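Coordinate analysis (summary)
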Amino acid sequence: MKKLLTGNEAIARGAWEAGVVVCTAYPGTPSTEITENAAKYKEMYAEWSANEKVALEVGLGASIAGGRALVAMKHVGVNVAADPLFTFAYTGVNGGLVLVSADDPGMHSSQNEQDNRHFARAAKIPVLEPSDSQEAKDFTKLAFNLSENFDTPVMLRITTRVAHSQSLVELAERQDSELKKYEKNALKFVMIPAYARRRHVAVEARLDKLREYTEATPLNRIEWKDTKIGVITGGVTYQYVKEVLKDVSILKLGMSFPLPQKLITEFSRKVDKLYVIEELEPFIEDYVKSWGIEVHGKDIFPGIGELLPETIAEKMGVSSSEKKALFKAAESAALANVEPPIRPPVLCPGCPHRGLFYVLKKLKITVAGDIGCYTLGSLAPLSAIDTTICMGASIGTAIGMEKARGKDFARNLVAVIGDSTFIHSGITGLINAVYSKASTTTIILDNRTTGMTGHQDNPTTGLTLKGEPIKEVDMALLAKAVGVERVVIVDPFDLEKLETVLKEELAAEEPSVIIAKRKCALLEKDKVSTPHTVSAETCTGCMRCMRLGCPCIVKDGKKVRINPTQCVGCGLCADVCFSGAIQKEGTSNG
Amino acid sequence: MADTKNILIVGVGGQGTILASRVLSGVIQKIGLDVKVSEIHGMAQRGGSVVTQVRYGDQVASPIIPQGEADLILAFEKLEALRWLPFLKENGSILINDQRIDPMPVVMGSANYPDDAFDTIRKQCKNVIVIDALHKAQGVGNVKTVNLILLGLLSNYLNIEKELWLEVIRETVPAKFLEVNLAAFQAGREN
C-alpha cells in the first residue's frame, strides 16, 4: 500500500531502505524533517551535529569507515560544509555518501535563494533532482549506488516544494547494510599535495564516466507529445510543466549535473522551438547555449523567486481562457481598493526574546543580529536589529563595527545570538573578540532549544536527537575559558535587572557575555496560565505596552485590550505599564 | 475519470490548519485517489499567514494550486479568506470562519483591518458560507475544536461518505479528545 509522505520523510525512508547506517544534519528549513524522521528508524544512527561542516565530516568519516551516510542541510548550510565537500569530492567514498541540499526558492524561511547546483558543478559531483516524494525516495537509493559505483559523494538537490509537499510513495524493505571493508589507504584519503594531485586526475576521469552515464540513465528521459514545443525541465518544475502545458514534449532531467549533451542535442533537433524551464539560475540553459543550441529560458522566465505554475502558463501563453480573464478582471477591480494588510510572522506571546529587544530598543543600542526566531526582533514595532547576514555572523560583525568606528561606538553596540547558533558558529567569533582586543558585548539568547526550525535539541539542551540525556555545554564556563572575564546570566523578563546589566557591560572596555536565559514559550504551551486583562478605567491610553509588539495586545479605541485566547500570562505588558492598568485576570485593580 | 479537485486551507500560524489538512488527505487516500498536499513550514508559522494546498484526482502533477483554480477555500480567519480569494475559481465556494485575528500592522495602527471583508468577498463570489466556529466549539465544550467544526462544514461540500471522515478522525485524534472532536465535526456538518 502507498503512503502519503513529504519529500523529507521519503528521503529518510529511502536512506533506511538503502541500508544507511549514519545520518547527520544541522537543522534548517526546509531540510529539518529529513533527519527528524531518520532518527525514528532504530537501525540508523542519527544526530544533530554542531553545524553543517561537522555534519559532513561525521558523514564522510562514516563513509570512509565503510558505512553508508546521509548528510542533510539547507542550501546555506552547504556554504558552511563547503570545505570538507570540495576535498571529499577528491578522495571519493568507501560506503556511499549522499548530501541533501534543500534549496529555498522564494526564501520562505531563508536569507538568500542561492542555487546549489552551482556548488555541485564547482565540486565536480553529480546532482540528482527529484520532482515528488516517490522520486525523492527512489533517487536517494539510487544516489547511494551511484556514489559507490562512481566513487563520489552525490548531491540530492531538493527545493522547498519537494521537501514539504506530500505525495504517495510505494514503500520497500531495508536492504542489507553490511559495512564495506575498511583498509588504510593514504593515497586516497590523505590529501597532501602529492596525493591530491593524483586524485584530481581521478576526479576528471570520474566526470567523463558520469558524462557517459547521464546520456543513458533513465533519470533523464523524453516524454514525446507534439514536437512544436520542447521543454527541458527538472525538479518540481517538471510537475508544474506537466500541469499547465498539456501538449508539449518534455525532456525531464533527473540528473542535472553532469548534463547529457547528446540527449539534449537530439531533443533540440526534433522540436521546432526549445525552452528550458528551471527555477532560479539558468543552470541548464547556460550549458545548452554553450553547445550552440537555440533556446529560450531566462529571456522569458524570471530567475528570482519561486517559479509558479501560473507564471509558466502565462509566459507560455496558455492561461487566457475567457473565464479566468473575467475573474481576474473582477478580482483586481475589487482588490484595488482593499489591499489586504500583510501578516508578517511575529515573536510568539510569552516569547523570552521580547523583553530583551524591548530594552535594546529603549536604550537605542546598535544590534548586530544573527539567524533564528529572534531575527523577528527586526520587525516593527521592536525594530531592534541592525544586521542579519548568516549563522554566527553577529559577533564578528560587532567586532568589525567597533574596529571601524572605535570604542565610543562599541559602548552602544551589542551582538545577539541564539544558543544553537552560538554553538554552530558563534564560539569562534567570541574567541576572535577576545583575541582582537574588542570590547564586544555578546548577548546569548538561551531559550533552551533550536526554536525557529521547530524545537530541535542541541549541545546546550541536555538531550540528543534520539532523546538520550547528555551533559550540557556550559556556555558561561565556555565564555570564561576563551578569555571572557565578564559573564552574567539574566532572566530576559526581569527588565530592570536586564537594563542595569546591559549598561554595566556596555561601559566595560573588554569583551563580555550576557546569557539571557528563559525557556521558549512554545515549550511551555501546556502550562496552565492565566491571561492578563486591561482595566479600561485605569488605562491612560499611553500605548507604551504596544511597543512590545505582542500580538495579544490590540488597540481598542483610544485604549488597549488583551486577547484572552492568545495571552499566555507572561506579564511583560504589566511590567511596562506605568498606570498599573494591566493585571492577571481575576485580580482586582483596587 | 475524476478531474483534479483543488482545496486551499488558509489561516494564521498556530490556528491548527495542519490537523485539518491531515484528516482531509487521509480521507482522500481512503477513496483511493491520487493526492498531493503542500505546506510551508518555518518562519511563516510564527503567527504569519499560512496555507495548505490539497489536490486530488486520478493523477495529480503539481502539488500547488495556480491562482484562480481552487474549487474550495476553507478559511480559518476572515482576512486570510480575503487574501487568498484570487485563488478561487469563478464558481468555487469559500467557507469562512467568522474570526478576526489582527496582524501586527493593524495592531500597531499602521494598517486597517478590512471590516468589509465579507462584502468584498460576496461581490466576487456567489458561494460564500460563513460560520462562527469558535462559538460552535464553545458549544461542544472545547474551544480547541474549531478545526473539526470547520472540517465538518467542509465535509458537506465534498462528495465523500461521512463514515470515511469519522474513520480518519478516529485514526488521527488522540483517544482522550476523540469524543469532543467527533461532536465538533457533527456540529460543523449541521451548520
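Residues numbered from 1 in each chain as written. Chains lettered and ligands numbered in written order. Predicted model: local features only at pLDDT ≥ 70, side-chain atom pairs only at ≥ 80, totals over all residues. Heavy atoms only, no water.

**Remarks on the overall build of chain B**
Per the secondary structure count, chain B includes 8 helices and 6 strands. The N-to-C order of helical and strand elements in chain B reads β-α-β-β-β-α-β-α-α-β-α-α-α-α. Relative to the 2.2 N^0.38 estimate, which gives 16 Å for 191 residues, the radius of gyration of chain B is 16 Å and therefore close to what a compact globule would have. With the C-alpha coordinates of chain B rotated into their principal frame, the extents come out at 50 × 40 × 35 Å. Relative to its 191 residues, chain B shows a buried fraction of 64%. Of all intrachain contacts in chain B linking residues separated by at least 6 positions in sequence, the fraction that spans at least 24 positions is 62%. (Helix = DSSP H or I, 4+ residues; strand = E, 2+ residues; numbered from the N terminus. Rg over C-alpha atoms; globule rule 2.2 N^0.38 Å. Buried < 20%, exposed > 50% of the residue type's maximum accessible area, 1.4 Å probe, protein only. Contact = heavy atoms within 4.5 Å.)

**Points about the overall build of chain A**
What chain A contains, in helices and strands, is 21 helices and 22 strands. Scaling as 2.2 N^0.38, a compact globule of 590 residues should have a C-alpha radius of gyration of about 25 Å, and chain A matches this with 27 Å. For chain A, the C-alpha atoms occupy an extent of roughly 85 × 70 × 50 Å along the three principal directions. Classification of the 590 residues of chain A by burial places 58% in the buried group. Counting contacts in chain A only where the partners sit at least 6 residues apart, residues at least 24 apart contribute 75% of the total. Accessible area of chain A: about 24200 Å², with a carbon and sulfur share of 53%. If the 71 positive side-chain charges of chain A are averaged to one point and the 72 negative ones to another, these points end up 1 Å apart. (Areas by Shrake-Rupley, 256 points an atom, 1.4 Å probe, with all protein chains shown as cover. Lys, Arg positive; Asp, Glu negative; His and termini not counted. Charge placed at Lys NZ, Arg CZ, Asp CG, Glu CD.)

**What to know about the sheet that holds strand β2 (residues 22-25) of chain A**
Residues and elements named next belong to chain A. Taken together, the 7 strands give an open sheet; going across it, the order is β3-β2-β4-β5-β7-β6-β12, and neighbouring strands pair in mixed fashion. Each edge of the open sheet carries a strand with a single partner, namely β3 (45-48) and β12 (255-257). Examined bridge by bridge, β2 and strand β4 (residues 69-74) share 4 bridges and lie parallel to one another. Paired with Val22 across the two strands is Ala69, which belongs to β4. Docked against the sheet, helix α1 (residues 7-17) engages β4, β5 (97-103) and β7 (154-159), running at close to 155° with respect to β7. (Pairing = 2+ DSSP bridges. Axes fitted to C-alpha atoms, helices over the stretch in contact; angles between N-to-C directions.)

**Structural notes on the pairing of strand β16 (residues 441-446) of chain A**
Residues and elements named next belong to chain A. Within β16, 6 of the 6 residues are buried, which leaves the element mostly enclosed by the surrounding structure. With burial as the criterion, each face of β16 is covered, one bearing Thr441, Ile443 and Leu445 and the other bearing Thr442, Ile444 and Asp446. Relative to β16, strand β15 (residues 413-418) runs parallel, the two being bridged by 5 bridges. Across the sheet, residue Ala415 finds its bridge partner in β16, namely Thr442. Handedness of the β15-helix α18 (residues 419-435)-β16 crossover: right-handed. Here 6 bridges tie β16 to strand β18 (residues 512-517), and the two strands are oriented parallel to one another. Within β18, the position partnered with Leu445 by the bridge is Ala516. (Right-handed = clockwise from strand over helix to strand, strands pointing away.)

**Digging into the environment of A:Gly429**
Residue and element names in this part refer to chain A. Relative to the assigned elements, Gly429 resides in helix α18. The buried category is assigned to Gly429, whose relative accessible area is 13%. Considered as a pair, Gly429 and Ile395 are 34 residues apart in the sequence and their alpha carbons are 5.4 Å apart. If we ignore the near neighbours within four places in the chain, the residues touching Gly429 are Ile395 and Ile399.

**With respect to the pattern of salt bridges**
All names here are of chain A. By the definition in use, this model includes 47 salt bridges over all chains. With a shortest N-O distance of 2.7 Å, Arg161 and Glu306 are connected by a salt bridge. Taken together, the positions of Arg161 in helix α7 (residues 160-163) and Glu306 in the loop between α12 (283-290) and α13 (309-315) put the pair 145 residues apart, joining distant regions of the chain. In this pair, the class of Arg161 matches that of Glu306, namely buried. When the shortest N-O distance is used, the salt bridge between Glu499 and Lys362 registers 2.8 Å. Here Lys362 lies in helix α15 (residues 353-362) and Glu499 lies in helix α20 (residues 495-507), a separation of 137 residues in the sequence. (Salt bridge = Lys/Arg side-chain N within 4 Å of Asp/Glu carboxyl O.)

**A short note on the interface of chain A and chain B**
Chain A puts 58 residues into the contact, and the matching count from chain B is 54 residues. Surface buried jointly by chain A and chain B totals about 4800 Å² across both partners, of which 62% is contributed by carbon and sulfur atoms. Viewed at the interface, chain B and chain A are joined by 3 salt bridges. Where chain A touches chain B, the interface holds 11 residue pairs in polar contact (both at pLDDT 80 or more). When residues of the side of chain A that touches chain B are traced back to their parent elements, those giving at least two are β1 (2-6), α7, β8 (165-170), α10 (236-244), α13, α14 (322-337) and β20 (553-556) of chain A. A breakdown of the residues in the side of chain A that touches chain B according to their chemical character gives 30 nonpolar, 14 polar and 14 charged. (Buried area = accessible area lost by both parts, 1.4 Å probe. Polar contact = N/O pair within 3.5 Å; in protein donor to acceptor, adjacent residues only side chain to side chain. Nonpolar A, V, L, I, M, F, W, Y, C, P; charged D, E, K, R; others polar.)

**Details of the sheet that holds strand β17 (residues 486-490) of chain A**
All names here are of chain A. Taking strand neighbours across the sheet as the criterion, the 5 strands line up as β14-β15-β16-β18-β17 in an open arrangement whose pairing is parallel. The open sheet terminates on both sides in strands that have one partner only, identified here as β14 (366-368) and β17. Shown here is a sheet whose adjacent strand axes are inclined to one another by a mean of 25°, direction ignored. As defined by bridge partners, β17 adjoins β18 across 5 bridges and the pair is classed as parallel. Of the residues in β18, the one forming a bridge with Val487 is Val513. The sheet strands contacting α15 are β14, β15 and β16, and the helix crosses β16 at an angle near 155°. Taken strand by strand, α20 contacts β15, β16, β17 and β18, and its axis lies near 170° from that of β17.

**Brief notes about the domain arrangement of chain A**
We note that the domain assignment places domain 1 (2-216), domain 2 (220-315), domain 3 (353-524) and domain 4 (532-584) within chain A. Just the C-alpha atoms count here: the centres of domain 2 of chain A and domain 4 of chain A sit 55 Å apart. (Domains from an automatic or database assignment.)

**Concerning the nonpolar core**
Residues and elements named next belong to chain A. Counting 98 residues, the largest nonpolar core has Leu70, Leu128, Ile232, Leu245, Ile277, Val288 and Ile312 as its most contacted members. If you count residues domain by domain, this core takes at least three from each of domain 1 (2-216) and domain 2 (220-315). Setting aside chain neighbours within four positions, we find Leu245 in contact with Val231, Ile277, Ile312, Met316 and Val318. Core analysis: the next-biggest nonpolar cluster, separate from the first, contains 70 residues, Val414, Val416, Leu498 and Ile515 among them. (Core = buried A, V, L, I, M, F, W, Y, C linked by side-chain atoms within 4.5 Å.)

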